[in-house]
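Topology and contacts: notes
These are the residues of each chain, in order.
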Amino acid sequence: MKKLHFSFLKWVAVSAALISPQLMYAAQYISEPSDYLYSPRVEEGEREIDTKFGMQNPKNSQDNKLSGASIGFGYGVNSWWFTEIYGKNSWDGNTSEFDAIEWENKFQLTETGKYPVDLGFLIELERPQNRAEGYEAKYGFLLQSEWAKWQFNLNLLIKGHYLGTENQGTYLGYQGQVKYRYQPTLEFGVQAYSWLGQLNNWDPNQQQETSVGPAVFGKIKLGKKEAIVYNMSYLFGTTATSPNNTIRLQLEYEF
Amino acid sequence: MKSVSIYFFFTFIIGMSQHTSAATTDITIKIEKGHFFPSSIAIPSDTKVKLTIENHDDTPEEFDSHDLNREVLIKGNSKASIYIGPLPKGRYAFEGEFSPETAQGEIIVK
């Protein structure tokens, strides 16, 4: 099994190395290429190596593609607290740069399935490498419900930069998802990611960033305590200021 | 104004979601020597069930069911609870992720 661990880590490292020189990054959007949809559920004792990749193609073909990736380690401390720390990489031209370190904390506020909707709260703190950006905080409520093989998610998020001189502002957004849990290795659905604008001053509809598109999900068990969990989506920008399309992929190695 | 509206909307959803509707039935499953006892449980379709899983083994076990959309770790000589349902009629398989060869079971919703 140690060999399996090593193989996976090697695969992550090679993937990151291969992807980095080919992608270019520029911070034009509130959304990030490697954003993902949060679930309020926490599993005690779960350990995971979490990798995320994403690429945003801008509306204007003369602009650079925006790309990012992250790798982190997450742990379910108890039945209501999951914490994860990860490093994020971004690209500017052909140069790969370490972008930020981020600490995510997720709190499951209700027992799984006790109420019609499971409720959680997210607090994510980021220290950008560019110190002019100060610190970034993302927080908000996470909701999840289900009926038969259908699962529904809706998250309300607030994101802001603090104690810096660049990219200041506090933004309001949401994430939504409908998923059909077809079988363990293959589930499919639709995801939506949106930033509405400043918390107290929303942008007009066409100035908001909204991307919607199909997604696939699955879990492939490797052994008694090991599994690869994946989800991938292809999102279409629905407004003038959204990326034309976004490809995002999350791969977790649970052990 | 829009921000205030969305806060009220979310508060409303959260508030409404926390009302338990169906009556809850308590069922206990034991884990002994890597097996579930009972391994087959029948419940009515309009019922919410609080499933308490008692692990009588020294080693941890994980209750895992894709059919039920539930995963929960039960430490050795400990117990954990999850809620399921109300569910449509059918069979819902579950297993112990750490000993899947022996720890198998199903919920039959009638």
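Above this text is the structure in question.
Residues numbered from 1 in each chain as written. Chains lettered and ligands numbered in written order. Predicted model: local features only at pLDDT ≥ 70, side-chain atom pairs only at ≥ 80, totals over all residues. Heavy atoms only, no water.

1. A closer look at the overall build of chain B
Within chain B one finds 1 helix and 9 strands. When the helices and strands of chain B are listed from N to C terminus, the series reads α-β-β-β-β-β-β-β-β-β. Looking at chain B as a whole, 46% of its 110 residues qualify as buried. Here chain B displays about 5600 Å² of accessible surface, and carbon together with sulfur accounts for 57% of that area. (Helix = DSSP H or I, 4+ residues; strand = E, 2+ residues; numbered from the N terminus. Buried < 20%, exposed > 50% of the residue type's maximum accessible area, 1.4 Å probe, protein only. Areas by Shrake-Rupley, 256 points an atom, 1.4 Å probe, with all protein chains shown as cover.)

2. A few points about the nonpolar core
Counting residues in each nonpolar core, the largest one holds 22 residues, and the members touching the most others are B:Ile43, B:Leu51, B:Phe63, B:Ile84 and B:Ile107. Among the secondary structure elements, those contributing two or more residues to this core are strand E1 (24-32), strand E3 (40-43), strand E4 (48-55), strand E6 (70-74), strand E7 (78-84), strand E8 (90-96) and strand E9 (104-109) of chain B. Discounting chain neighbours no more than four positions away, the residues touching B:Ile107 are B:Ile41, B:Ile43, B:Leu51, B:Leu68, B:Ile84, B:Gly90, B:Arg91, B:Tyr92 and B:Phe94. If you look at the next biggest cluster of nonpolar residues, it comprises 9 residues, including A:Ile30, A:Tyr36, A:Leu157 and A:Tyr171. (Core = buried A, V, L, I, M, F, W, Y, C linked by side-chain atoms within 4.5 Å. Contact = heavy atoms within 4.5 Å.)

3. Focus: the sheet that holds E8(B)
Residue and element names in this part refer to chain B. Taken in spatial order, the 5 strands line up as E3-E9-E8-E5-E6 in an open sheet, and their pairing is mixed. With one partner strand each, in any of the chains shown, E3 and E6 form the two edges of the open sheet. Adjacent strand axes in the sheet meet at a mean angle of 20 degrees, parallel and antiparallel pairs treated alike. Sheet analysis places strand E5 (residues 61-65) next to E6, joined by 5 bridges and oriented antiparallel. (Pairing = 2+ DSSP bridges. Axes fitted to C-alpha atoms, helices over the stretch in contact; angles between N-to-C directions.)

4. Quick look at a nonpolar patch on the surface
All names here are of chain A. Residues Ile-85, Phe-98, Ile-101, Trp-103, Ile-123 and Leu-125 make up a contiguous nonpolar surface patch of roughly 530 Å² in combined accessible area. Those elements that provide at least two residues to the nonpolar patch are strand E4 (95-108) and strand E5 (118-128). Per element, the largest residue contribution to the nonpolar patch is 3 residues, and it comes from E4. Within the secondary structure, Ile-101 is located in strand E4. Here Ile-101 falls in the partly exposed class, since its relative accessible area comes to 38%. (Patch = residues over 30% accessible without salt bridge, like charges linked within 9 Å, V, L, I, M, F, W, Y side chains within 5 Å. Salt bridge = Lys/Arg side-chain N within 4 Å of Asp/Glu carboxyl O.)

5. Some thoughts on the environment of A:Glu44
Tracing the sequence through the fold places A:Glu44 in the loop between helix H1 (2-19) and strand E1 (47-57). For the pair A:Glu44 and A:Ser79, spaced 35 residues apart in sequence, the C-alpha to C-alpha distance is 4.6 Å. Excluding residues that lie within four positions of it along the chain, A:Glu44 makes contacts with A:Gly76, A:Val77, A:Asn78, A:Ser79, B:Leu73 and B:Lys75. At a separation of 2.9 Å, a polar atom in the side chain of A:Glu44 contacts the side chain of B:Lys75. (Polar contact = N/O pair within 3.5 Å; in protein donor to acceptor, adjacent residues only side chain to side chain.)

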